[in-house]
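Below, each chain spelled out in residue letters.
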Amino acid sequence: MSDAILFAVEEGMARLTLNRPARLNAFNADLAHAWRDATAEATSRSDVKAILIDAAGPAFCAGGDVIDMATTMGASGAEITALAEVINAGIRSLTESAVPVVAAAHGTTAGGGLGILLSSDYAVVGSRSKLGSLYANIGLTPDLSVSAQLARAVGQRRALQLVLQDRLLSASEAVEWGLVAESVAGADGAAEADAVRARGEEIARFWLAGAADAYGQAKRLVRSQPERSFVEQLTEEARSIGAALETPDAQARVAAFAAASARKSG
C-alpha cells in the first residue's frame, strides 16, 4: 500500500492515517488509490471491529489537491471525475460496512475532507479546528459525498449556509450543529492533534471492549435506513435483533444481565 496512507491493524482496530502532511493531506491520485485500497481492506477483514481515521501533520484533510489539479493533471474534468470516483469507492466501503468508524480530525477539514469526515460515524476535532466547504472559492461544486451526507448530518438549511458561503465553522459551532460529536483541547497545535488522535483511539477501544458486533450492526441499521421504507426498516430491525440474540456474545451478555438483576431483586 502507498505511503500516502499508513495502515495498521492492532487488536481489532484498523488505523488509517492520511499521510501527505506537506499538502495538508489533500487528495491526489496516489492518496485516492491508497484510500480506496485501505478502506476496502479494513472493511473486509474479519479481525477488524473498529476503524480509526486520523492524519499526519497540522491538518486533517484540505480536500482535493488544487495545485496538483492545475499542474500535474492539467485540470482535466474527466480526470477529476475519475479520481473522485476512486475516492467514492472508499467512502462507500466505510458507509456501507457494519464496522463503526471514528474520525480524529485535528486542524482544518475543508472541501472533500468534509466528505471524508462525514463518512465516519463519530467525529472528534480539536478546539482550534476549522471545518467548511469552500468549493465555490475555486469555482467547483461539492464532491466526495458532501452533498449527499452534509444535509443529513446538520439539516438542509445549515448545509446550504455552509456550501453557499465562504465560511469555516469553529469547533464549537461544529459540535453545536451536530457535524462532529466532540472537541478536545491541547496546549498548542501539536498537543491538540495528539489529544484528538488519543480520543479517537479511546472511542474505537470502547467499541472493541464492548459488544463490537452489535455496535457494528447498529451502525449498519442507521446508515442503511434511507434505502428502506418505514415498514421495511421495522422488518429489518426485527430481523437484526433476532439474529443478534443468536450470537454467543449476546447470549452471554443477556444471561449476565438476567443474573445480575436476579441478585439485586433477591
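Source: prediction; values computed, not measured. (Residues numbered from 1 in each chain as written. Predicted model: local features only at pLDDT ≥ 70, side-chain atom pairs only at ≥ 80, totals over all residues. Heavy atoms only, no water.)

Novice: Break down the nonpolar core for me, citing the residues and quoting the values.
Specialist: Nonpolar side chains in soluble globular proteins tend to end up buried together. Grouped together as the largest cluster of nonpolar side chains are 48 residues, with contacts concentrated most on Trp35, Ile51, Phe60, Leu150 and Leu179. Once you skip the residues sitting within four places of it in the chain, Ile51 turns out to touch Ala14, Leu16, Ala42, Thr43, Leu94, Val99, Pro100, Val101 and Val102. Counting residues in hydrophobic clusters, the runner-up holds eleven residues, among them Met13, Ala50, Leu52 and Trp207. (Core = buried A, V, L, I, M, F, W, Y, C linked by side-chain atoms within 4.5 Å. Buried < 20%, exposed > 50% of the residue type's maximum accessible area, 1.4 Å probe, protein only. Contact = heavy atoms within 4.5 Å.)

Novice: If you had to explain the sheet that holds strand E4 (residues 101–105) to someone new, which residues and values would you point to?
Specialist: Here six strands make up an open sheet; going across it, the order is E1-E2-E3-E4-E6-E9 and the pairing mixed. Looking at strand neighbours, the two that pair on one side only are strand E1 (5–10) and strand E9 (182–184), the edges of this open sheet. The average angle at which neighbouring strand axes cross in this sheet is 20 degrees, direction not considered. In this sheet, strand E3 (residues 50–55) lies alongside strand E2 (residues 13–18) in parallel orientation, the contact comprising six bridges. From the neighbouring strand, Ala14 faces E3, where its bridge partner is Ile51. (Pairing = 2+ DSSP bridges. Helix = DSSP H or I, 4+ residues; strand = E, 2+ residues; numbered from the N terminus. Axes fitted to C-alpha atoms, helices over the stretch in contact; angles between N-to-C directions.)

Novice: Explain the environment of Ala190 residue by residue, including any values.
Specialist: Residue position: Ala190 is located in helix H8 (residues 189–209). By relative accessible area, which is 53% here, Ala190 ends up exposed. In the structure, Ala190 is positioned 173 residues away from Thr17 in sequence and 16 Å away in space, judged by C-alpha atoms.

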